[in-house]
Amino acid sequence: LEPILSPLHGWGAQSQVGTVCVGTPTEKMKSVYEVVRQAQAAALQAARAGITGKALDAIARDIITAAGYGKQFGHSLGHGVGMDIHEYPNAAPSSHVSLEPGNVVTVEPGIYLPGEFGVRIEDFVVITETGCRNLTAVTPDLICIPVRANSRCAARKASPYYTASGGGATRWPS
């Protein structure tokens, strides 16, 4: 069974997302995960009232591009959240709109390697005058779920979204 990295969505809670590896992550997986983690940390540090969506996106995108994965970050850094899950303002290369206090936006950089694996770390934040307040209660650490040779998971092809239940997950510290 090949290990996979995948978003793990909490039951009925789109804002509760963690990154999960089913099996043991390879060194490449760990490296890509660390690039995404660094990109997100830099964007979270810069998120504040007055920054444009374009500037915020560039902070994360530049880190991912410098690591050689710019073409594998195929979506914007984030989007506004309100009555709909995807709304303005956006944190995107095309967004010249400045974020304002009280805006709720996602900060979700990702790297996707077709045929191998993908990593995305997603947080929801409220923009303030001096920064942002993170609303996400899930650890930013990679969660590794060991797979037993005789388990149902080992016997079937891994799905892009694996929901863990009943414990057994371990965290790989960032």
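Rules behind the numbers
Residues numbered from 1 in each chain as written. Predicted model: local features only at pLDDT ≥ 70, side-chain atom pairs only at ≥ 80, totals over all residues. Heavy atoms only, no water. Helix = DSSP H or I, 4+ residues; strand = E, 2+ residues; numbered from the N terminus. Contact = heavy atoms within 4.5 Å. Pairing = 2+ DSSP bridges. Buried < 20%, exposed > 50% of the residue type's maximum accessible area, 1.4 Å probe, protein only.

**Student:** What is the right way to read the environment of Glu-129 from this model?
**Tutor:** Among the secondary structure elements, Glu-129 is positioned in the loop between strand 8 (123–127) and strand 9 (132–134). For the pair formed by Glu-129 and Pro-101, sequence separation is 28 residues and the distance between their alpha carbons is 5.8 Å. When sequence neighbours within four positions are dropped, the list of residues in contact with Glu-129 reads Arg-48, Ala-49 and Pro-101.

**Student:** Explain the pairing of strand 6 (residues 110–113) to me, please; I cannot follow it from the model alone.
**Tutor:** When a strand is regular, its side chains alternate between the sheet's two faces. Relative to strand 7 (residues 117–120), strand 6 runs antiparallel, the two being bridged by four bridges. In the strand pairing of strand 7, Gly-110 is matched with Arg-120. Taken together, strand 6 and the strand that follows it, strand 7, pair antiparallel across an intervening segment of three residues, in which Gly-115 is found at a positive phi of about 80°.

**Student:** What's the story with the environment of Arg-120 in this structure? I'm lost.
**Tutor:** Residue placement: Arg-120 occurs in strand 7. On the basis of relative accessible area, Arg-120 is assigned to the buried category, the value being 19%. Note: C-alpha distance between Arg-120 and Glu-108 (12 residues apart in sequence) is 6.3 Å.

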